[in-house]
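Below are the chains, spelled out letter by letter.
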Amino acid sequence: MKRSRCQTVVQICSMILTGIGVMLLTGCIMPEAQKNTLDTVSTTSTSTLSPDSTEQISVKDSYTKGERIILQEGLPLFSEREDNHVAVDQMKLTHRVTPYITQIVAGKSIPQTLSWKPTWVNQGDLNYTFLQAGTDEVLLMKGDDGGFSGMHHDDSYYALDRYTGKTLWRIHNGYGPAQALLNTKRDAVTLFTSYDTNRKQYLDRVRHINLKDGKLLWEYKTEKGKKRNNSTNKKNTVNDIPKVNGIQAARNVVIVDTSADEGSSKGWIHVLNSSNGKRLWSKKLTAGYQLVNRSADEPYVLYREGDQLIAADPLTGRTIWQIKAEPSTIDHIENNPYFDGIYRDDPFGSVSLQRWMLLDDQWVLLDLTSGKKLSHFPARAGQQLEVLNDGRVLIRENKKGYLYGEYVDYTTSLFDPNTGKTSWILKAKIERGLVEENQIYVIMNGYPAALKYRTGETVWSAKASIGASPSSTNQGSYLLIGERLLLPLYDDLLVMDKKTGVLLGRIHDVVMGTPEHRDRDAKNGMINRIDVQVYIGSANGHFRAFPVSGLK
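Per chain, residues are indexed from 1 in the order of the written sequence. It should be noted that, the model being predicted, local features are given only for residues of pLDDT at least 70 and side-chain atom pairs only at 80 or more, the latter also being counted only at that level, while totals for whole chains, interfaces and linings use all residues. Excluded from the side-chain calculation are hydrogens and water; included are all heavy atoms of the structure.

1. Details of the sheet that holds strand S18 (residues 253-259)
Consideration 1: The strand order across the open sheet formed by 4 strands is S17-S18-S19-S20, and the pairing between neighbours is antiparallel. Each having just a single partner strand, strand S17 (243-250) and strand S20 (279-285) make up the two edges of the open sheet. The mean inter-strand angle of the sheet, taken between neighbouring strand axes irrespective of direction, is 20°. Only strands joined by at least two bridges in the DSSP assignment are considered to pair. Strands here are runs of E lasting at least two residues and helices are runs of H or I lasting at least four, both read from the DSSP assignment and numbered beginning at the N terminus. To get an axis, fit a line to the C-alpha atoms, keeping to the stretch in contact for a helix; angles then go from 0 to 180 degrees between the N-to-C directions.

2. Digging into the nonpolar core
Consideration 1: Counting residues in hydrophobic clusters, the biggest one holds 21 residues, and the most contacted among them are Trp116, Ile481, Leu486, Ile507, Val534 and Ile536.
Consideration 2: Where this core is concerned, the elements lending two or more residues are strand S9 (128-134), strand S36 (479-481), strand S38 (492-497) and strand S41 (533-536).
Consideration 3: Contacts are residue-level and defined by heavy atoms, with any inter-residue pair within 4.5 Å sufficient. Setting aside anything within four residues of it in sequence, one finds Ile536 in contact with Trp116, Leu493, Val510, Met512, Met526, Ile527, His542, Phe543, Arg544 and Phe546. To qualify as a nonpolar core, a set must consist of buried Ala, Val, Leu, Ile, Met, Phe, Trp, Tyr and Cys residues joined through side-chain atoms within 4.5 Å. Burial classes: relative accessible area under 20% of the type maximum marks a residue as buried, over 50% as exposed, and values in between as partly exposed (1.4 Å probe, protein chains only).

3. Things to note about the environment of Ile320
Consideration 1: Within the secondary structure layout, Ile320 lies in strand S24 (residues 319-324).
Consideration 2: Distance from Ile320 to Tyr300, taken between C-alpha atoms, is 8.2 Å for residues 20 residues apart in sequence.
Consideration 3: Those residues within four positions of Ile320 in sequence are excluded, and the remaining contacts are Tyr300, Ala311, Ala312 and Asp313.

4. Regarding the packing of aromatic side chains
Consideration 1: Aromatic pairing here means that ring centres of Phe, Tyr or Trp (its six-membered ring) are within 6.5 Å. Orientation follows from the plane angle: under 30 degrees is stacked, over 60 is edge-to-face, and everything else is tilted. Applying the stated criterion to the full structure yields 13 aromatic pairs.
Consideration 2: Both rings, one in Tyr175 and one in Tyr195, keep their centres 5.3 Å apart while their planes meet at 85°; by these two values the pair is edge-to-face. Highlighted residues: Tyr175 in the loop between strand S12 (167-172) and strand S13 (178-182) and Tyr195 in strand S14 (residues 188-196), separated in sequence by 20 residues.
Consideration 3: A relative accessible area of 42% places Tyr175 in the partly exposed class.
Consideration 4: Overall, Tyr195 belongs to the buried group, its relative accessible area being 10%.
Consideration 5: Here the aromatic rings of Tyr441 and Tyr478 are separated by 6.3 Å at their centres, their planes lie at 50°, and the arrangement is tilted. Taken together, the residues span a long stretch of sequence, with Tyr441 in strand S33 (residues 439-444) and Tyr478 in the loop between helix H1 (463-466) and S36 at a distance of 37 residues.
Consideration 6: The exposure class assigned to Tyr478 is buried, which follows from its relative accessible area of 4%.
Consideration 7: Within the aromatic cluster, the residues linked to one another by ring pairs are Trp120, Phe348, Tyr535 and Phe543.

5. Quick notes on the confidence of the model for the chain
Consideration 1: Note: pLDDT gives the predictor's confidence per residue, expressed from 0 to 100. Per-residue pLDDT for the chain has a mean of 80; in total, 76% of the residues score no lower than 70.
Consideration 2: Within the model, the stretch residues 1-106 combines pLDDT values under 50 with 256 contacts to residues more than four positions away or in other chains.

6. Section: unusual backbone geometry
Consideration 1: In this structure, Arg186 takes a positive phi of about 60° despite not being glycine.
Consideration 2: Structurally, the position occupied by Arg186 is in the loop between S13 and S14.
Consideration 3: In this structure, Glu437 is a non-glycine residue whose phi angle is positive, near 55°.
Consideration 4: Of note, Glu437 is situated in the loop between strand S32 (430-436) and S33.
Consideration 5: Given a relative accessible area of 73%, Glu437 falls into the exposed group.

Structure, rendered in structure tokens:
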């Protein structure tokens, strides 16, 4: 097919996941300094293609210089780059899947690529690299192949030497769900895997391994050598465990959550000594129960059963405190896998012992040590909570009661749990907040901005220079280094002036992506700082450590 000099050649990029593919689109930017690039590129409307098609597609009537191409679903378009800047008419892409409708986000070009020499670089064997936890010597990592909508052929957990970046050990998890939880001492990790990559079959395993070298310390034998559907499990004794639903942790223990029967909503929790794997106690729970622990820092085993929230002694199972609360008529927002989480967890720190819990139809802030209610506000459908780094809460609400929707349907308020008062309410969707003194850096209706923390007034907006994304996928959190504000956005790690929002550039050779359905991993693990080092993940398998002093 012949095209004029002014036309974009857009082809289809292939990604087949269990027979289903998706086109990925990345932001491609045309720098103003590139004078030989045409100002406008004409294209025609897109059409639906068969999954095996390799025809060319086009996505808009015209593109103007400096515009950024964004897929409506928020997924990036992978381009072949010969240098750090690629003009619209230089893109070459192929895929074999049905294309999504695209939108254009108007924004000016990034002025320059900034050099920042890493201390070390680790090359993983899967696309996405997320920091899960860190100690003085070791980084616990998660790798993910980035499959469509959270699905994957493979993900992994592995450990890196914090000072050299050397891979210490790695365990691949295959197709199945998997979890990794540090113990209270932070020297070992408990892994739950549901797929055995060696046997090529589903098999539940709970293993506790040394964080430094990956050596097996103990393994909990969940099935006692019996198949999940073995008829002997009909007796439903404590030793006949058909299926592991997952694991949680509390102080010095690991909690194994299992089904009472195949397909049953009843279950058992088995509480194990994290040092040796020996079972301390077990409890059978009625239908609709839920474990609510988040970390081995928490002092008690926390679970909901019927109309009770119960905190149990991890060593004995004795009830320490309990709160009567009917199950909420509103689904908990963290049950939605696309939601990026109420909290922004510090991989190097401990979790707060104050938790927002959904009790009846109220959001209640609980002291986990005593069970005391510290604050509350009404829960509503279409509501999302985001706890900021100073403990205040951004409350996003959709007037139609949906978790998703157009930006015009949202209001966001700032709630102070210490006073029980709302500081301000704005007609906008505000997320990914980072508080610094009297300012809060946010994503507002899809674009970076800074607000006065006390009033919500806009200090600066980067809508004109960067553009607004139609997707709210969390690619990573804000990070401050002196006067510089870093943000993973579109394909790049952007650097802005924190006082003015002026876009200073993007970090050389750091490739961000759109980790759809992995928002919590990206929020907590894509970019972090501890002491004088910054740790940054990517969408191409790289994980890097950068010296704070190296960013000019």
